[in-house]
Structures are given as structure tokens and as C-alpha cells.
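Descriptive structure summary
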Amino acid sequence: AHQKRMEQLAAELKEREELMNQLLAEIKKRKKPPEEAQVTIQPGGSGVDLEPTFVECAASGVVIYGEDPPRRVPRAAMAKDEGFLTLLDRIAKQPKGTVIFLVRDDGLGTYYSASSMARSHYARNGKLPVIGHGKIDLSLFKR
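These numbers come from a predicted model, not from an experiment.

A few words now on helix α2 (residues 82-93). When the terminal C-alpha atoms of α2 are compared, their 17 Å separation across 12 residues agrees well with the 16 Å that a helix rising 1.5 Å per residue should span. Along α2, the residues that are buried comprise Phe-84, Leu-85, Leu-87, Leu-88 and Ile-91. Seen along its axis, α2 keeps its buried residues to an arc of 155 degrees; they face one direction. Projecting away from the buried face of α2 at angles above 90 degrees are the exposed residues Glu-82 and Lys-93. Those residues of α2 that are buried lie in contact with β2 (51-58), β3 (61-64), β4 (71-74), β5 (97-103) and α3 (108-120).

What follows is the structure in C-alpha cells.
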């Protein structure tokens, strides 16, 4: 009787160890940080036959998407940043060139500064609101 009971307990122990391993794997999976959301920017508005350059405006500064990898410029350094000023001058010289400012919900002040700089450099510009804080996907604009 004791031998039979020992076999039952051993089988029960094995089942519980398998369940424990499954639960530990589930805990490990749940502790992973959530994947970053992706924000897809969709074409819209009245711009036809334009060559857009995208610049994201957030509270901390701008992100220029015309370069690989995208280049960040702090808000305080925008007016002095040679790369950003050169970009605006280059766009102003292109008949179809335009800057599309992608405005995050916390980047309105940055947008006002960047838009003013674009106007002072005679660069055509527009804006699109960006809902959310995920990574920006511009794949719909690529031909």
C-alpha cells in the first residue's frame, strides 16, 4: 500500500512541476515591457506632387526623418543647428520641396518655433497631428 501511494505521489509531483514550469514561463512573458506602439502617418490634405521632408516636433525638440538614422535636434539648439538650417534652405530652393511637421501632443511650442524658422527661410511647410507616443511609420509616403 505504501509503494502504491509513493507512485501516486511521484506522479502528482511530476504534474505539479510541469504546471509550475508553465506558470513560470507565463510570468516571464508578462514581465516583458510592452512593445512600442507604431503610429502610421497617412497622406492627406491639399498637397499634390510635393516632395515632403518629415520633421517630428516633440516637447524636447525635433527629429529630422530625411536622414538615416533620423537626427534629433534639441529645441534650444534649433536656431543654431547648421544641419537643420541647411535642410530648410535646401527645401526652399526646391520647387516641389516642403517640410511636413509631425506635431506630437506635447510639441506645440516646438512646432511654433520650427514653423517660424521655416517661414523665415522661405521653406514651404505644413503640419500633421500625431496621436500617441509610438514610433512613427512613414511607409505610406514611400513610392
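The subject of this paragraph is unusual backbone geometry. Positioned with a positive phi, Tyr-122 is a non-glycine residue whose angle comes to about 60 degrees. Positionally, Tyr-122 belongs in the loop between α3 and β6 (125-129).

It is worth spelling out the pairing of β3 at this point. One ladder, built from four bridges, connects β2 with β3; its direction is antiparallel. By the bridge assignment, Val-55 is partnered in β3 with Ile-64. Two successive antiparallel strands, β2 and β3, enclose a turn made up of two residues. Where β3 lies against β4, four bridges are found, and the strand directions are antiparallel. Its bridge partner lying in β4, Gly-61 is registered against Pro-74. The turn joining β3 and β4, which pair antiparallel and follow one another in sequence, is formed by six residues.

Attention now goes to the pattern of salt bridges. A complete count under the given rule lists five salt bridges for this structure. A salt bridge links Glu-12 to Arg-16; its shortest N-O distance comes to 3.2 Å. Taken together, the residues Glu-12 and Arg-16, both in helix α1 (residues 2-30) and four residues apart, mark about one turn of the helix. With a relative accessible area of 56%, Arg-16 lands in the exposed category. Three or more residues joined by partner-sharing salt bridges are found here, namely Glu-26, Lys-29 and Arg-30.

Cut-offs applied
Residues numbered from 1 in each chain as written. Predicted model: local features only at pLDDT ≥ 70, side-chain atom pairs only at ≥ 80, totals over all residues. Heavy atoms only, no water. Helix = DSSP H or I, 4+ residues; strand = E, 2+ residues; numbered from the N terminus. Expected span 1.5 Å × (residues − 1). Buried < 20%, exposed > 50% of the residue type's maximum accessible area, 1.4 Å probe, protein only. Arc of directions from axis to C-beta. Contact = heavy atoms within 4.5 Å. Pairing = 2+ DSSP bridges. Salt bridge = Lys/Arg side-chain N within 4 Å of Asp/Glu carboxyl O.

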